Amino acid sequence: MRIHLRFILLGFLLFISCSKKSRFLNKHHVILVTKNFTDGSEVLTKEAGIFEKNHIIKFQEANKIYENFLSNEDQIKTKNSSNYYPSLIIDEYYVYSFKNLKAGNIAAFGIGVNANTGEPQNFTEEIWLSEKEILK
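In short, a report on the structure.

Observations regarding the overall build of the chain
And step 1. When you go through the chain residue by residue, the secondary structure sums to 4 helices and 10 strands.
And step 2. Reading the helices (α) and strands (β) of the chain from amino to carboxyl end gives α-β-β-β-α-α-β-β-β-β-β-β-β-α.
And step 3. When each of the 136 residues of the chain is scored for burial, the buried share is 41%.
And step 4. If you sum the accessible surface of the chain, you get close to 9100 Å²; carbon and sulfur atoms cover 55% of it.

Here you go:
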């Protein structure tokens, strides 16, 4: 009886987690900025390049805005803002977040920089997405 209850609870938790991701992906336009990050051959996606071309704020400028935001928050600055990309693009924001290389997931939370206005915004909804989920 206890084993059945555990499986039911586990199934329920997995359902909630999956439906939360699905709702997020249905509600927001999400672009993976770089792919193949788990095997070390990370490359910029075509969609991210198109997004950058069609917006006022480019990657390098967004990186500088992100660094300034962090320095105002007494965070650590990066060494060279031109050598990295945000993790995701969510709606109109370049989102600087975390990648879990072992699990192959990307956090949909972190600091976002609006690609039109340059305004930073906190993304706080704790959702982890896989490369496969985003590229669907």
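Some points on the pairing of strand E8 (residues 110–114)
And step 1. The element E8 is extensively covered by neighbouring structure, given that 5 of its 5 residues are classed as buried.
And step 2. Alignment of strand E5 (residues 93–96) against E8, held across 4 bridges, turns out to be antiparallel. Bridging from a neighbouring strand, tyrosine 96 pairs with isoleucine 111 of E8.
And step 3. Where E8 meets strand E9 (residues 120–123), 4 bridges bridge the pair, whose relative direction is antiparallel. What sits directly across from glycine 112, in E9, is glutamine 121.
And step 4. Linking two consecutive strands that pair antiparallel, namely E8 and E9, is a turn of 5 residues; a positive phi of about 80° is found at glycine 118 within it.

With respect to the layout of surface pockets
And step 1. In this structure, the largest pocket spans a volume of roughly 200 Å³.
And step 2. Lining of the largest pocket is provided by 12 residues; of these, Tyr84, Tyr85, Pro86, Ser87 and Ser97 occupy positions nearest its centre.
And step 3. Of the residues contributing to the lining of the largest pocket, the split by class is 6 nonpolar, 4 polar and 2 charged.

Quick word on the sheet that holds E8
And step 1. Taking strand neighbours across the sheet as the criterion, the 5 strands line up as E1-E4-E5-E8-E9 in an open arrangement whose pairing is antiparallel. Strands with a single pairing partner mark the edges of an open sheet, and in this sheet they are strand E1 (30–32) and E9. Here the strands of the sheet are splayed against their neighbours by 30° on average, with no regard to which way each runs.
And step 2. Relative to E5, strand E4 (residues 88–90) runs antiparallel, the two sharing 3 bridges. Residue pairing across strands places isoleucine 89 opposite tyrosine 94, the latter belonging to E5.
And step 3. Sheet strands touched by helix H2 (residues 46–53): E1, E4 and E5. Its angle to E1, the strand with the most contacts, is close to 115°.

Conventions we followed
Residues numbered from 1 in each chain as written. Predicted model: local features only at pLDDT ≥ 70, side-chain atom pairs only at ≥ 80, totals over all residues. Heavy atoms only, no water. Helix = DSSP H or I, 4+ residues; strand = E, 2+ residues; numbered from the N terminus. Buried < 20%, exposed > 50% of the residue type's maximum accessible area, 1.4 Å probe, protein only. Areas by Shrake-Rupley, 256 points an atom, 1.4 Å probe, with all protein chains shown as cover. Pairing = 2+ DSSP bridges. 1 Å grid on protein atoms, 1.4 Å probe; cavity = no way out; pocket = protein on both sides within 12 Å on 5 of 7 lines; lining within 4 Å. Points joined across faces, edges and corners; volume = space filled by probe spheres on them. Nonpolar A, V, L, I, M, F, W, Y, C, P; charged D, E, K, R; others polar. Axes fitted to C-alpha atoms, helices over the stretch in contact; angles between N-to-C directions. Contact = heavy atoms within 4.5 Å.

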